[in-house]
Amino acid sequence: MITIWPQYLNKNLSLKEGRKIAKEDCVKDPSINEIEKALKRLGLKYSLQKESAYPGKWYEKSGRVLVEWDKTKLELIREVSLKIKEIRN
């Protein structure tokens, strides 16, 4: 299982603040619901944890998603981010 936090794909954050992929692959302020929609469209199995707080922002419950994925974490984050971009357009 791979954990995805919304911070991983947030264009507004720096790498130090939690972004994991290049800004051009990211989206602005992704929500946990958008990540869920993207995972559904990608046909992946996942578990949503809406009350979880990102360790770097322990005071903010942004939620996280645990995803079954057999490739790398960065590949998954890129796929989800690109699918969110597609959904938004």
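Quick note: structure is the one above.
Quantities reported herein were computed from a predicted structural model and do not represent experimental measurements.

**Student:** Please provide a residue-by-residue account of the nonpolar core, values included.
**Tutor:** Of all hydrophobic cores here, the largest spans 21 residues; its most connected members are Leu-9, Ile-35, Leu-39, Leu-76 and Val-80. When contributions to this core are tallied by element, the ones reaching two or more residues are strand 1 (2–4), helix 1 (32–42), strand 3 (64–67) and helix 2 (73–88). When near neighbours in sequence (up to four residues on either side) are disregarded, Val-80 contacts Ile-4, Leu-9, Ile-35, Ala-38, Leu-39 and Leu-42.

**Student:** Can you tell me about the pattern of salt bridges, naming the residues and giving the values?
**Tutor:** The tally for this structure, following the rule as stated, stands at three salt bridges. Notably, a salt bridge pairs Arg-88 with Glu-34, separated by 2.7 Å at the nearest N-O pair. Residue Arg-88 is located in helix 2, and its partner Glu-34 is located in helix 1; the two are separated by 54 residues in the primary sequence. Of the charged contacts, one joins Lys-83 and Glu-86 as a salt bridge, the two residues approaching to 3.2 Å between their closest N and O atoms. Here Lys-83 and its partner Glu-86 are both found in helix 2, three residues apart, which amounts to about one turn of the helix.

**Student:** Hey, could you go over helix 2 for me, with residue numbers and the actual values?
**Tutor:** Relative to the 22 Å expected for 16 residues at 1.5 Å per residue, helix 2 spans 23 Å between its end C-alpha atoms, a close match to the ideal helical length. Among the residues of helix 2, those classed as buried are Leu-76, Ile-77, Val-80, Ser-81, Lys-83 and Ile-84. When helix 2 is viewed along its axis, its buried side chains cluster within an angular range of 160° and face the same direction.

**Student:** Lay out helix 1 with the relevant residues and their values.
**Tutor:** Among the residues of helix 1, those classed as buried are Ile-32, Glu-34, Ile-35, Glu-36, Ala-38 and Leu-39. Gly-43 occupies a position one or two residues after helix 1 and carries a positive phi of about 70°.

Conventions we followed
Residues numbered from 1 in each chain as written. Predicted model: local features only at pLDDT ≥ 70, side-chain atom pairs only at ≥ 80, totals over all residues. Heavy atoms only, no water. Core = buried A, V, L, I, M, F, W, Y, C linked by side-chain atoms within 4.5 Å. Buried < 20%, exposed > 50% of the residue type's maximum accessible area, 1.4 Å probe, protein only. Helix = DSSP H or I, 4+ residues; strand = E, 2+ residues; numbered from the N terminus. Contact = heavy atoms within 4.5 Å. Salt bridge = Lys/Arg side-chain N within 4 Å of Asp/Glu carboxyl O. Expected span 1.5 Å × (residues − 1). Arc of directions from axis to C-beta.

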